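Chain and residue survey
The chain contents come next:
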Amino acid sequence: MSNRANGWLRGTIVRKSGVSTASSTRTSTPQIQSTSTTVFGGGVKDASGRTSEYFSMEDQCPVCKSDRYLNPKLRLLVSACYHKMCESCIDRLFTLGPAPCPICGKILRKLAFTPQTFEDLGVEKEVAVRRRIAKEFNKRREDFPDLHAYNDYLEEVEDITFNLINDIDVAETEARIVQYRQENAALIELNIQREEQYAQYLKEQEDFERQEREQRAAELRRAEEEEREEREKGRREIIDKLETSDKDAIKLVARSRLEAMRRASARSTSSGNVLQSSSRLLRSRAAQSTVVPDVPHVPLQDNWYAYEDMFTLRDNYDDPASEAVRRDREGIMRAGGYRVEQAWERALRCAVAGLEIMPLEGLHSTASDPAAVPGAGGDVVMASA
Amino acid sequence: MDAVEKANAERQRRWAKDQKIGEGTYAVVYRGREVATGRKVAIKKIKVGQFKDGLDMSAIREVKYLRELKHQNVIELLDVFSSKMNLNLVLEFLDTDLELVIKDRSLVFLPADIKSWMAMTFRGLEFCHRNFILHRDLKPNNLLIAADGQLKLADFGLARDFADPGYKMTCQVITRWYRPAELLFGSRYYSTAVDIWSVGCIFAELMLRTPYLPGESDMDQLKTIFRALGTPTEEEWPGHTKLPDYVPVGQFPKTPLRDLFTAASADCLNLLSKCLIYEPRRRISAKEALNHPYFFALPYPTHPSKLPKPAPKRSSLLPLEELDGNAEPNSSGPGVKANPPNKLKRKHSEDGMNERSKSIARRLDFSQ
């Protein structure tokens, strides 16, 4: 369906469904007529990665005024300044290099034209702007210390988006974006990676589920097959037995029925087990990877400082050993951070630690369970060196 | 066989040595397991006899302090025994270390992950400090990470207990990039604050994914620090000009941390700045740090089991090399790790990292 005159587009566009002229002449309501996969950017892609191009009977090229009535193959593309024109105009104007837009005069290039997705070009622009912004302004709630900061950030993003859409203070807004990008380069990169990881995770999950479904279907088919075979075999057996044995026919039939039933029930329970275990495995793995909760910070996880009241450290002691340090005329000990108080504290701690422990009890419990020593909590105080 | 030998033989039988997984100047590390339970362990065989003065200092330090410390965030020394002429330390087996995690560019860190690692580091350090032990060699490759994500302080080869008044301590400790200014100025009387500075550097490195203050020599280290944080004034750090090795290195203006750490929250920068205060007495303590608002603010620290970890393929080899205190295959002769001041401390791990790390900014050219 591609136009021979527009060969430059042909290589990049794959028409999924052709435009049926018969049906489009009947109706004049705007509709989405063609679905194409474009290689160059632009256009809004749906979930499967295709662009649905906007297309209506009232289409008319604003530059050459040719319309769909005279030229059913008319295809309008949108410029970077959000003006429409037809492929042949684009070809005519921009083949020789960048040239001004015939409507607003902005310099345009041929390859920067994109297919139109929405009837309203304002929407087209907004979608493009939002997509661009979302690529870089990708912070999440958890990147902020509190909800207030996050809301401020969201408001700023919306502000920037609004300015760009409505062409307010464009230069200043662009500067803001550049600044943001510089300040948050690492975080942006990180969030992109997180996004990718999440997509990857979803894909894996999906693949796994699909595999499981297929496996289950195969299992079911096999079970059916087995059952049929068995039934066949059972019937043959009965006939054989009826032929050869001289027992009561009714009894023989009843017994083989019973056997068949027992076999069937055994089969159903075993297949049920298989299904259940694989789904349980999946669930437990998912739970492990995502649902270990983060817990609030607890500064210290023992009761060491609960024994602080066993001694009081005084400001000064009559301590000849540390006299030189305390005098410290040069201030070198002070500058190095040495504190004689710490030495005193150590001496006192060593003296009082373990005071509460009964000697024999202490000896006994350290041998079996060091954590049971009251006051020590498994911690060992250094003996003075 | 006397009683001591008998006891030793009994201990030795509890552990089985498997293959060798790393070698350093004073030790060889083997993968091993507990015979009774099959639990994985690392066995560090200290080479005795090579040194005329007996056992290497760091082996003694490691045994002396690890024997006494038992905490969730400190590596556990399970047993010590001797075989023939060697001393063997049986240590907890840990999968990887924080340096490998930081270097693995395929991993993405969330603010909550960094918070979780920092909380575990401070918890382990607080435990050492409350027992009056200075670690004196904190850096990412000494922070090992267990299979369940718990971070553990390791390598107590440079640790010592808090000095009694008037006793000098050596200032040639802590790997240069993580060494505070008071040690670079040659202070012989210092305190637990030296470890806090290292933690501050690690904190910054977690956010930047590259070492924060990579000085090329001790002099250059001071310059690097001052360039990043401004030259300290006498009011900011009273008495620092009197320190033994004080030399003026030039005046650099203060630049706000915010300029470099653009995405960090205010709480986060506040804690970082408190870890990197010049005056050691005003630097935050491990206990105060654990009570800092940063740890209580949202997002909550990530649960250790969910923290990012490198893919397990190579992790069986490298981390144990790290486990070994002096694992520095290129260095010759004994010596404490931080002692030869002009050597790049990360050399061994960079050699091991081959091509992949070439694109990483931290690989600097030190040849000239």
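Residues numbered from 1 in each chain as written. Chains lettered and ligands numbered in written order. Predicted model: local features only at pLDDT ≥ 70, side-chain atom pairs only at ≥ 80, totals over all residues. Heavy atoms only, no water.

Below, the discussion takes up the overall build of chain A. The helix and strand tally for chain A stands at twelve helices and eight strands. Per-residue burial over chain A gives 28% buried out of 385 residues. Counting contacts in chain A only where the partners sit at least 6 residues apart, residues at least 24 apart contribute 52% of the total. Roughly 25200 Å² of accessible area belongs to chain A as shown, and the carbon and sulfur atoms make up 55% of that amount. (Helix = DSSP H or I, 4+ residues; strand = E, 2+ residues; numbered from the N terminus. Buried < 20%, exposed > 50% of the residue type's maximum accessible area, 1.4 Å probe, protein only. Contact = heavy atoms within 4.5 Å. Areas by Shrake-Rupley, 256 points an atom, 1.4 Å probe, with all protein chains shown as cover.)

Sites flagged by UniProt as "active site" (unreviewed entry) map to Asp137(B). Of note, Asp137(B) is situated in the loop between strand E7 (133-134) and strand E8 (143-145). (UniProt positions renumbered as here; feature names shortened; annotations may be inferred.)

With that settled, consider unusual backbone geometry. All names here are of chain B. In the segment running from leucine 298 into proline 299, the intervening peptide bond is cis, with an omega of -5°. Mapped onto the elements of the fold, proline 299 is located in the loop between helix H10 (293-296) and helix H11 (318-323). Non-glycine residue phenylalanine 132 carries a positive phi angle of around 60°. With respect to the helices and strands, phenylalanine 132 occurs in the loop between helix H4 (111-130) and E7. The phi torsion at arginine 209 lies on the positive side, around 65°, for a residue other than glycine. Here arginine 209 lies in the loop between helix H6 (193-208) and helix H7 (218-229).

Turning to the pattern of salt bridges, a few remarks are in order. Residues and elements named next belong to chain A. As enumerated under the stated definition, the model contains 37 salt bridges over all chains in all. For aspartate 167, the salt bridge identified is with lysine 125, shortest N-O distance 3.1 Å. Note that aspartate 167 is positioned in the loop between helix H5 (147-165) and helix H6 (170-183) and lysine 125 in helix H4 (residues 121-136), a separation of 42 residues in sequence. On the basis of relative accessible area, lysine 125 is assigned to the buried category, the value being 17%. One salt bridge in this structure joins glutamate 142 and arginine 140, with 3.6 Å as the shortest N-O distance. (Salt bridge = Lys/Arg side-chain N within 4 Å of Asp/Glu carboxyl O.)

Attention now goes to the UniProt feature "binding site: ATP" (unreviewed entry) in chain B. Residue and element names in this part refer to chain B. On the UniProt side, "binding site: ATP" (unreviewed entry) is annotated at positions that read Ile21, Gly22, Glu23, Gly24, Thr25, Tyr26, Ala27, Val28, Val29, Lys44 and Lys45 here. Residue position: alanine 27 is located in strand E2 (residues 27-34). Owing to a relative accessible area of 0%, alanine 27 belongs among the buried residues under this scheme.

Under the criterion given, the structure shown has 20 aromatic pairs over all chains. With a centroid separation of 6.4 Å and 20° between ring planes, the pair formed by Tyr150(A) and Tyr153(A) is classed as stacked. Pair noted here: Tyr150(A) and Tyr153(A) are both in helix H5, with a separation of three residues, about one helical turn. Looking at Tyr150(A), the relative accessible area reads 19%, which means it is buried. A residue is classified by how much of its surface remains accessible, and Tyr153(A), at 7% relative accessible area, is buried. An angle of 75° between the planes, with centres 5.7 Å apart, marks the rings of Phe226(B) and Tyr278(B) as edge-to-face. Taken together, the residues span a long stretch of sequence, with Phe226(B) in helix H7 and Tyr278(B) in the loop between helix H8 (266-275) and helix H9 (286-290) at a distance of 52 residues. Every member of this aromatic cluster is reached through a ring pair, and the members are Phe185(B), Trp197(B), Phe226(B), Trp237(B), Tyr246(B) and Tyr278(B). Over the face of the ring belonging to Tyr30(B) we find Lys17(B), whose NZ or CZ atom lies 4.9 Å from the ring centre. Over the ring of Tyr294(B) we find Lys115(B); its NZ or CZ atom is 4.9 Å from the centre of that ring. (Phe/Tyr/Trp six-rings, centres within 6.5 Å; stacked < 30°, edge-to-face > 60°. Lys NZ or Arg CZ within 6 Å of the ring centre and 35° of its normal.)

Each side of the interface is counted separately: chain B has 52 residues, and chain A has 46 residues. Around 4700 Å² of area is buried between chain B and chain A when both sides are counted, 57% of it from carbon and sulfur atoms. The three residues of chain B that bury the most area against chain A are Arg130(B), Phe132(B) and Arg281(B), which together make up 16% of that side's buried surface. There are three salt bridges connecting chain B and chain A. Those elements that provide at least two residues to the side of chain B that touches chain A are H4, H9 and H10 of chain B. Here the side of chain B that touches chain A takes five residues from H4(B), the largest share from any one element. Across the side of chain B that touches chain A, the residue classes break down as 25 nonpolar, 14 polar and 13 charged. (Buried area = accessible area lost by both parts, 1.4 Å probe. Nonpolar A, V, L, I, M, F, W, Y, C, P; charged D, E, K, R; others polar.)

Residues and elements named next belong to chain B. A large share of strand E4 (residues 77-83) lies buried, amounting to six of its seven residues. As paired strands, E4 and strand E5 (residues 86-92) are joined by six bridges and run antiparallel to one another. In the sheet register, valine 80 faces E5, and the bridge partner there is leucine 89. If you look at the hairpin formed by E4 and E5, you'll find two residues sitting between the two strands, and lysine 84 has a positive phi there, around 45°. (Pairing = 2+ DSSP bridges.)

In a packed pair of helices, the relevant descriptors are the angle between the two axes and the axis-to-axis distance. Residue and element names in this part refer to chain B. Relative orientation of the contacting elements H4 and H6 amounts to 170°, with a least axis distance of 11 Å. In terms of axis orientation, H4 runs roughly antiparallel to H6. Contacts between H4 and H6 involve Ile114, Trp117, Met118, Thr121, Phe122, Leu125 and His129 on the former and, on the latter, Asp195, Ile196, Val199, Phe203, Leu206 and Met207. Residues that form the contact of H4 with H6 fall into these classes: ten nonpolar, two polar and one charged. (Axes fitted to C-alpha atoms, helices over the stretch in contact; angles between N-to-C directions. Parallel < 35°, antiparallel > 145°, perpendicular 65-115°, else oblique.)

Applying the stated criterion across every chain, the model contains zero disulfides over all chains. Summary of cysteine pairing: Cys86(A) is not part of a disulfide, and the nearest cysteine sulfur, belonging to Cys89(A), is at 3.6 Å. Overall, the relative accessible area of 2% leaves Cys86(A) in the buried class. Of all cysteine sulfurs in the structure, the one in Cys201(B) sits closest to Cys275(B), which takes part in no disulfide; the separation is 9.3 Å. Judged by its relative accessible area of 0%, Cys275(B) falls in the buried class. (Disulfide = S-S within 2.5 Å.)

Before going further, it helps to examine the sheet that holds strand E8 (residues 114-115) of chain A. Residue and element names in this part refer to chain A. Reading across the sheet, the three strands line up as E5-E4-E8 and stay open at both edges, with antiparallel pairing between neighbours. The open sheet has two edge strands with one neighbour each: strand E5 (84-86) and E8. With two bridges joining them, strand E4 (residues 76-78) and E8 adopt antiparallel strand pairing. Its bridge partner lying in E8, leucine 77 is registered against proline 115. Running over the sheet, helix H3 (residues 87-94) touches E4 and E5 and is turned about 90° from E5.

Take H6(A) next. For H6(A), built from 14 residues, the straight-helix expectation of 20 Å at 1.5 Å per residue is met to within 8% by its first-to-last C-alpha distance of 20 Å. At its buried positions, H6(A) is contacted by H4, H5 and helix H7 (185-244) of chain A. (Expected span 1.5 Å × (residues − 1).)

All right, on to H7(A) then. For H7(A), spanning 60 residues, the distance from its first C-alpha to its last is 87 Å, which sits close to the expected 88 Å at 1.5 Å a residue. If you check which residues of H7(A) are buried, you get Leu187(A), Ile188(A), Leu190(A), Asn191(A), Arg194(A), Glu212(A) and Gly234(A).

A few words on the environment of Asp104(B). All names here are of chain B. Examined against the element boundaries, aspartate 104 turns out to sit in the loop between helix H3 (98-103) and H4. Here the alpha-carbon distance between aspartate 104 and proline 310, two residues 206 residues apart in the chain, equals 6.5 Å. Separated by 2.5 Å, the side chains of aspartate 104 and serine 106 make a polar contact. (Polar contact = N/O pair within 3.5 Å; in protein donor to acceptor, adjacent residues only side chain to side chain.)

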